[in-house]
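# Observations on the model geometry
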Amino acid sequence: MTSAVTPPTTLQLLRGQVEEVREVFDQLLDHTQLRYDDINARSSGAYVVGWSPHRWAPPMEGAQRYFGEARQTWQSLHDLAAQAVRRSAPERIAPLDSADELLRRIFEQDDGWHGAPGKSVDEIRARVDRCLHEVVELLEGLPAAHGEGGQLLVPDTNALVFKPDLESWRPPEGAWTVVLVPQVLRELDALKMRRGDVGEKAVSVIRRVKEYARRGDTFKGVPVAGSLSLREIAIDADMTDTLPWLRVGHGDDELLASVLELRCQDLNAVVALATRDRNLQNKARLARCAYLDVEDEL
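Before going into details, it helps to say that this report is about the structure given with it. (Residues numbered from 1 in each chain as written. Predicted model: local features only at pLDDT ≥ 70, side-chain atom pairs only at ≥ 80, totals over all residues. Heavy atoms only, no water.)

Taking 1.5 Å as the rise per residue, helix 4 (residues 121-141) with 21 residues should run 30 Å; its terminal C-alpha atoms sit 30 Å apart, in good agreement. For helix 4, the set of buried residues is V121, I124, V128, C131, L132, V135, V136, L138 and L139. Seen from one end, helix 4 has its buried residues packed into an arc of 155 degrees, which puts them on one side. (Helix = DSSP H or I, 4+ residues; strand = E, 2+ residues; numbered from the N terminus. Expected span 1.5 Å × (residues − 1). Buried < 20%, exposed > 50% of the residue type's maximum accessible area, 1.4 Å probe, protein only. Arc of directions from axis to C-beta.)

Dropping the structure here:
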């Protein structure tokens, strides 16, 4: 068993993504040039309203890779940040929308009416820096960024069946709360009907959860052993307001959506999956969600 490191909080993860976006857009702008084309200076006799003379020049050699990286890196941050804002203070979304408009203009470089969003690459770079600073201020100012924090561990069904004795779990340092979400409880109920070892372990987990429930309200949290406690969640994740690539009816996706909802509720909290499922681990990585391998780290 390896010693697990405490994952970062959601707010720390989002700040880190902002810096990744800043770095990628710096690289893209290092390979970007502008040209000057004042359509109204031509001798056509007509004046065109709204035309910017500051236009995108053809990309420099080696620039194409940064267009894709900029789009993907920003989209990843935007999707997670937008969910956090919608869940906490949707009326404050304007800075994120402004950043989205500016950054898309940079990686799309459409040669339409508006042209480039600045007179020079340095001016555009400064605008990117300001808008990303405003995104960080937006996130840090959300009500969800001022919660009590804590450390939440969300196991998948496989983790519980593999290691049903929660008292033996050893997460990283500090007090942790194991959170059981509806998708996992449904899967345990289905597995308990199976014959053999898997069915017996599912029954064991359910029996233990019922025993813990005698210690108090599991919606609020009850002690398990040492600094470990347990909570249950009764309501499924809203699959209409989550990452766009998560699918309704797919167990791992619904579990991950529940984890993302927990992250949005308190950006100061550490929220991690507990799973040995490699595919789910990869999806967690794509969603910038921490995970602990129950086999090696718990």
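Before going further, it helps to examine empty space enclosed by the protein. For the structure on display, the rule yields 1 cavity of 30 Å³ or more. Reported here for the largest cavity is a volume of approximately 50 Å³. Surrounding the largest cavity, T10, L14, L80, Q83, A84, L260, R263, C264 and L267 form its lining. For the lining of the largest cavity, the secondary structure elements donating two or more residues are helix 1 (10-30), helix 2 (64-88) and helix 8 (251-265). Split by residue class, the lining of the largest cavity holds 6 nonpolar, 2 polar and 1 charged. (1 Å grid on protein atoms, 1.4 Å probe; cavity = no way out; pocket = protein on both sides within 12 Å on 5 of 7 lines; lining within 4 Å. Points joined across faces, edges and corners; volume = space filled by probe spheres on them. Nonpolar A, V, L, I, M, F, W, Y, C, P; charged D, E, K, R; others polar.)

It is the contact of helix 3 (residues 94-108) with helix 4, at a shortest axis distance of 9 Å, that shows an interaxial angle of 150 degrees. One finds that helix 3 runs roughly antiparallel with respect to helix 4. Considering the relative orientation of helix 3 and helix 4, their crossing is left-handed. Every residue of helix 4 that contacts helix 3 at P95, L96, A99, L102, L103 and I106 is listed here: I124, R127, V128, C131, L132, E134, V135 and L138. Residue composition of the contact of helix 3 with helix 4, by class: 12 nonpolar, no polar and 2 charged. (Axes fitted to C-alpha atoms, helices over the stretch in contact; angles between N-to-C directions. Parallel < 35°, antiparallel > 145°, perpendicular 65-115°, else oblique. Left-handed = near helix turned anticlockwise from the far one by under 90°. Contact = heavy atoms within 4.5 Å.)

Geometric values such as these leave the question of function open.
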